[in-house]
Amino acid sequence: MPRQRKTKQRDAIEAVFESNHRPLSPNEVHDLARREVENLGIATVYRALNDMVEEKLLRSVELPGLAPRYEKAGLKHHHHFHCNACDKVFDLDGCLLKNDLKLPEGFNVTGHDITLSGTCPRCGEETPA
Ligand SMILES: [Zn+2]
Ligand SMILES: [Zn+2]
(Lines give C-alpha, C1' and ligand atoms only; values in the text may rest on other atoms or scores of the structure.)
(Ligands and ions follow the chains in the order given, each with its own letter.)
Protein backbone atom coordinates (compact mmCIF):
# COMPACT_ATOMS: atom_id res chain seq x y z
CA MET A 1 0.00 0.00 0.00
CA PRO A 2 1.49 3.36 -0.99
CA ARG A 3 2.26 5.74 1.80
CA GLN A 4 -0.61 8.15 2.21
CA ARG A 5 -0.08 11.78 1.53
CA LYS A 6 0.17 13.72 4.75
CA THR A 7 -3.00 15.51 5.59
CA LYS A 8 -3.97 18.15 8.06
CA GLN A 9 -5.90 15.47 9.96
CA ARG A 10 -2.89 13.21 10.11
CA ASP A 11 -0.67 16.10 11.26
CA ALA A 12 -3.10 16.88 14.08
CA ILE A 13 -3.17 13.24 15.18
CA GLU A 14 0.63 13.01 15.19
CA ALA A 15 0.80 16.22 17.21
CA VAL A 16 -1.50 14.69 19.84
CA PHE A 17 1.06 11.95 20.45
CA GLU A 18 3.89 14.49 20.62
CA SER A 19 2.22 16.43 23.40
CA ASN A 20 0.54 13.64 25.38
CA HIS A 21 2.98 11.16 26.84
CA ARG A 22 0.67 8.34 27.73
CA PRO A 23 -1.29 5.68 25.86
CA LEU A 24 -4.38 7.14 24.22
CA SER A 25 -7.61 5.51 23.15
CA PRO A 26 -9.05 6.38 19.73
CA ASN A 27 -11.72 8.46 21.48
CA GLU A 28 -9.09 10.43 23.40
CA VAL A 29 -7.12 11.01 20.19
CA HIS A 30 -10.32 12.14 18.53
CA ASP A 31 -11.16 14.61 21.30
CA LEU A 32 -7.65 16.06 21.41
CA ALA A 33 -7.08 16.26 17.64
CA ARG A 34 -10.48 17.84 17.10
CA ARG A 35 -9.22 20.94 18.88
CA GLU A 36 -7.03 21.47 15.80
CA VAL A 37 -9.21 20.01 13.08
CA GLU A 38 -12.85 20.63 13.89
CA ASN A 39 -14.43 18.34 11.32
CA LEU A 40 -12.25 15.35 12.16
CA GLY A 41 -14.27 12.12 12.07
CA ILE A 42 -13.69 9.13 14.33
CA ALA A 43 -13.29 6.87 11.25
CA THR A 44 -10.39 9.04 10.11
CA VAL A 45 -8.81 8.65 13.53
CA TYR A 46 -9.09 4.85 13.39
CA ARG A 47 -7.61 4.77 9.89
CA ALA A 48 -4.72 7.05 10.83
CA LEU A 49 -3.98 4.99 13.94
CA ASN A 50 -3.91 1.78 11.89
CA ASP A 51 -1.65 3.41 9.31
CA MET A 52 0.69 4.70 11.98
CA VAL A 53 0.95 1.24 13.53
CA GLU A 54 1.79 -0.20 10.11
CA GLU A 55 4.38 2.51 9.62
CA LYS A 56 5.78 1.61 13.05
CA LEU A 57 5.24 5.11 14.42
CA LEU A 58 2.81 3.78 17.01
CA ARG A 59 2.21 0.52 18.78
CA SER A 60 -1.07 -0.66 20.18
CA VAL A 61 -1.21 -1.19 23.92
CA GLU A 62 -3.43 -4.12 24.83
CA LEU A 63 -4.55 -4.05 28.43
CA PRO A 64 -6.67 -6.82 29.94
CA GLY A 65 -10.35 -6.00 29.64
CA LEU A 66 -9.77 -2.59 28.09
CA ALA A 67 -10.12 -1.22 24.59
CA PRO A 68 -6.72 -0.85 22.89
CA ARG A 69 -4.72 2.30 23.46
CA TYR A 70 -1.91 3.61 21.28
CA GLU A 71 1.51 4.92 22.20
CA LYS A 72 4.62 5.92 20.31
CA ALA A 73 6.69 3.01 19.11
CA GLY A 74 10.20 2.49 20.42
CA LEU A 75 9.68 3.67 23.98
CA LYS A 76 11.90 1.91 26.46
CA HIS A 77 10.49 -0.86 28.62
CA HIS A 78 7.86 0.48 30.98
CA HIS A 79 4.59 -0.40 32.61
CA HIS A 80 1.13 1.08 32.61
CA PHE A 81 -1.26 2.33 35.25
CA HIS A 82 -4.98 2.30 34.60
CA CYS A 83 -7.18 4.71 36.53
CA ASN A 84 -10.43 2.93 37.37
CA ALA A 85 -12.24 6.23 37.83
CA CYS A 86 -11.42 8.18 34.66
CA ASP A 87 -10.30 5.22 32.51
CA LYS A 88 -7.05 6.96 31.54
CA VAL A 89 -3.85 4.97 31.16
CA PHE A 90 -0.51 6.39 32.33
CA ASP A 91 3.10 5.35 31.81
CA LEU A 92 5.23 4.25 34.74
CA ASP A 93 8.99 4.50 34.39
CA GLY A 94 11.13 1.52 35.19
CA CYS A 95 10.35 -2.12 35.67
CA LEU A 96 8.66 -3.62 38.69
CA LEU A 97 9.25 -7.28 37.99
CA LYS A 98 11.09 -8.61 41.02
CA ASN A 99 14.12 -10.77 40.48
CA ASP A 100 13.00 -13.39 42.96
CA LEU A 101 10.57 -14.95 40.52
CA LYS A 102 11.27 -18.70 40.31
CA LEU A 103 10.83 -20.15 36.88
CA PRO A 104 10.45 -23.89 36.49
CA GLU A 105 13.12 -25.47 34.34
CA GLY A 106 12.58 -25.23 30.64
CA PHE A 107 10.61 -21.99 30.66
CA ASN A 108 12.15 -19.19 28.64
CA VAL A 109 10.68 -15.75 29.28
CA THR A 110 10.86 -13.31 26.40
CA GLY A 111 8.66 -10.53 27.78
CA HIS A 112 6.08 -9.54 30.35
CA ASP A 113 3.16 -7.21 30.78
CA ILE A 114 2.25 -5.71 34.11
CA THR A 115 -0.61 -3.27 34.48
CA LEU A 116 -1.33 -1.50 37.73
CA SER A 117 -4.73 -0.07 38.49
CA GLY A 118 -6.18 2.34 41.00
CA THR A 119 -6.86 6.05 40.91
CA CYS A 120 -4.81 8.83 39.37
CA PRO A 121 -4.03 11.99 41.44
CA ARG A 122 -6.96 13.86 39.96
CA CYS A 123 -9.48 11.13 40.69
CA GLY A 124 -7.97 10.24 44.09
CA GLU A 125 -8.68 13.63 45.59
CA GLU A 126 -11.48 13.52 48.10
CA THR A 127 -12.91 16.81 46.96
CA PRO A 128 -12.19 17.19 43.26
CA ALA A 129 -11.38 20.75 42.28
ZN1 LIG B 1 -8.27 9.25 36.95
ZN1 LIG C 1 9.01 -4.73 33.29
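Everything numeric in this text was worked out from a predicted model, so none of it was measured.

(A) A look at the nonpolar core. Formed by 13 residues in total, the largest nonpolar core has its most connected members in Ala12, Ile13, Val16, Val29, Ala33, Val45 and Leu49. Looking at this core, the elements with two or more residues in it are α1 (8–19), α2 (26–33) and α3 (42–54). Residue contributions to this core peak at 4 residues, all from α1. Discounting residues that sit within four places of it in the chain, leucine 49 has contacts with Pro26, Val29, Leu58 and Tyr70.

(B) View of α3. Its 13 residues place the ends of α3 19 Å apart at the C-alpha level, agreeing with the 18 Å of an ideal helix rising 1.5 Å per residue. Buried within α3 we find Val45, Ala48 and Leu49. Burial along α3 is one-sided: seen end-on, the buried residues are contained in an arc of 100 degrees. When the buried face of α3 is taken as reference, the exposed residues oriented beyond 90 degrees from it are Ala43 and Glu54. For α3, the elements touching its buried residues are α1, α2, β1 (58–61) and β2 (69–72).

(C) A look at the domain arrangement of the chain. Each assigned domain of the chain is listed here: domain 1 (8–72) and domain 2 (79–124). A straight line from the C-alpha centre of domain 1 to that of domain 2 covers 22 Å. Tallying the contact residues gives 8 residues for domain 1 and 6 residues for domain 2. Grouping the constituent residues of the side of domain 1 that touches domain 2 by class yields 5 nonpolar, 1 polar and 2 charged.

Calculation rules
Residues numbered from 1 in each chain as written. Chains lettered and ligands numbered in written order. Predicted model: local features only at pLDDT ≥ 70, side-chain atom pairs only at ≥ 80, totals over all residues. Core = buried A, V, L, I, M, F, W, Y, C linked by C-beta atoms within 7 Å. Buried ≥ 20, exposed ≤ 12 C-beta atoms within 10 Å, placed from the backbone. Helix = DSSP H or I, 4+ residues; strand = E, 2+ residues; numbered from the N terminus. Contact = placed C-beta atoms within 7 Å. Expected span 1.5 Å × (residues − 1). Arc of directions from axis to C-beta. Domains from an automatic or database assignment. Nonpolar A, V, L, I, M, F, W, Y, C, P; charged D, E, K, R; others polar.

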